[in-house]
Amino acid sequence: AQNRVVGVVAMFARHPLPELVLEALGSIANEIAMGIARKRATEALANERQWLRTLVDNLPARIFFKDPAGRYVLNNRAHLRLLGVPEQADTLGKTLFDFHPPELAQGYQSGEQEILSSGVAMSDKEEQVRHRGTGELRWHLTSKVPLRDAQGQVSGLIGISHDITERKQAEA
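As the structure is a prediction and not an experimental result, all values here were calculated from the model.

Secondary structure summary: the protein contains four helices and five strands in total. Mapped in sequence order, the helices and strands of the protein form the string α-β-β-α-α-β-β-β-α. A globule of 172 residues ought to have a C-alpha radius of gyration of about 16 Å, yet the protein, at 25 Å, is considerably larger. Oriented by its inertia axes, the alpha-carbon framework of the protein measures out at about 90 × 30 × 30 Å.

What follows is the structure in structure tokens.
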């Protein structure tokens, strides 16, 4: 973005301006240009975040993000429905044990702890899930992947699951 014109600063004077004033005006113009560039970058990031959020929230798959302690930090709408809560705020800081029967939660937690400690993803695991809103026992095909920070350290995990109950019933 260096040497790119993002605007024009105009000043009219009755007499030629000293070099020091021109340099100061140049510095001010550069600061204004950097501010404009930052604002544009911030707006672009906000747009991208909104696009991704719209995509994630409208996918039929259940998607969630957790911190290293196993607390929910973000869920899509489908996952919120599975957990039986209407709002994101109802899950923040809570764990599997707040939403699932202990015997199921323990199994999910041990798998997640393995992912967090090893840094190795889990793909396409068939798991039983009790839908908290309806109480119905369903089958999900679940994948979980470690999230990494800028230094490559595991900083949480993301999970995605698809309901495969009908397929499992057809196989039986």
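Taken in spatial order, the five strands make up an open sheet running β2-β1-β5-β4-β3, and their pairing is antiparallel. This sheet does not close on itself; its edge strands, each paired only once, are β2 (72–75) and β3 (122–130). Here the strands of the sheet are splayed against their neighbours by 30° on average, with no regard to which way each runs.

Turning our attention to the environment of Tyr 108. Note that Tyr 108 resides in helix α3 (residues 102–118). Residue Tyr 108 is classed as buried on the basis of its relative accessible area of 7%.

Glancing now at unusual backbone geometry. Phi at Asp 124 is positive, roughly 50°, even though this residue is not glycine. When you line up the elements, Asp 124 lands in strand β3. The exposure class assigned to Asp 124 is exposed, which follows from its relative accessible area of 53%.

Attention now moves to the packing of aromatic side chains. This model, assessed by the stated rule, comprises two aromatic pairs. Taking 6.0 Å as the distance between ring centres and 80° as the angle between the ring planes, the aromatic pair formed by Phe 64 and Tyr 72 counts as edge-to-face. Judged by its relative accessible area of 6%, Phe 64 is buried. Aromatic side chains Tyr 72 and Phe 99 sit 5.8 Å apart centroid to centroid with 70° between the ring planes, which places their arrangement in the edge-to-face category. Of this pair, Tyr 72 sits in strand β2 while Phe 99 sits in the loop between α2 (77–83) and α3, placing them 27 residues apart in sequence. Given the relative accessible area of 6%, Phe 99 is considered buried. Put simply, the rings of Phe 64, Tyr 72 and Phe 99 touch in pairs and so form one group of aromatic residues. Sitting above the plane of the Trp 139 ring, Lys 168 keeps its charged end 4.5 Å from the centroid.

Cut-offs and rules
- Residues numbered from 1 in each chain as written.
- Predicted model: local features only at pLDDT ≥ 70, side-chain atom pairs only at ≥ 80, totals over all residues.
- Heavy atoms only, no water.
- Helix = DSSP H or I, 4+ residues; strand = E, 2+ residues; numbered from the N terminus.
- Rg over C-alpha atoms; globule rule 2.2 N^0.38 Å.
- Pairing = 2+ DSSP bridges.
- Axes fitted to C-alpha atoms, helices over the stretch in contact; angles between N-to-C directions.
- Buried < 20%, exposed > 50% of the residue type's maximum accessible area, 1.4 Å probe, protein only.
- Phe/Tyr/Trp six-rings, centres within 6.5 Å; stacked < 30°, edge-to-face > 60°.
- Lys NZ or Arg CZ within 6 Å of the ring centre and 35° of its normal.

Any link to function would need more than the numbers given here.
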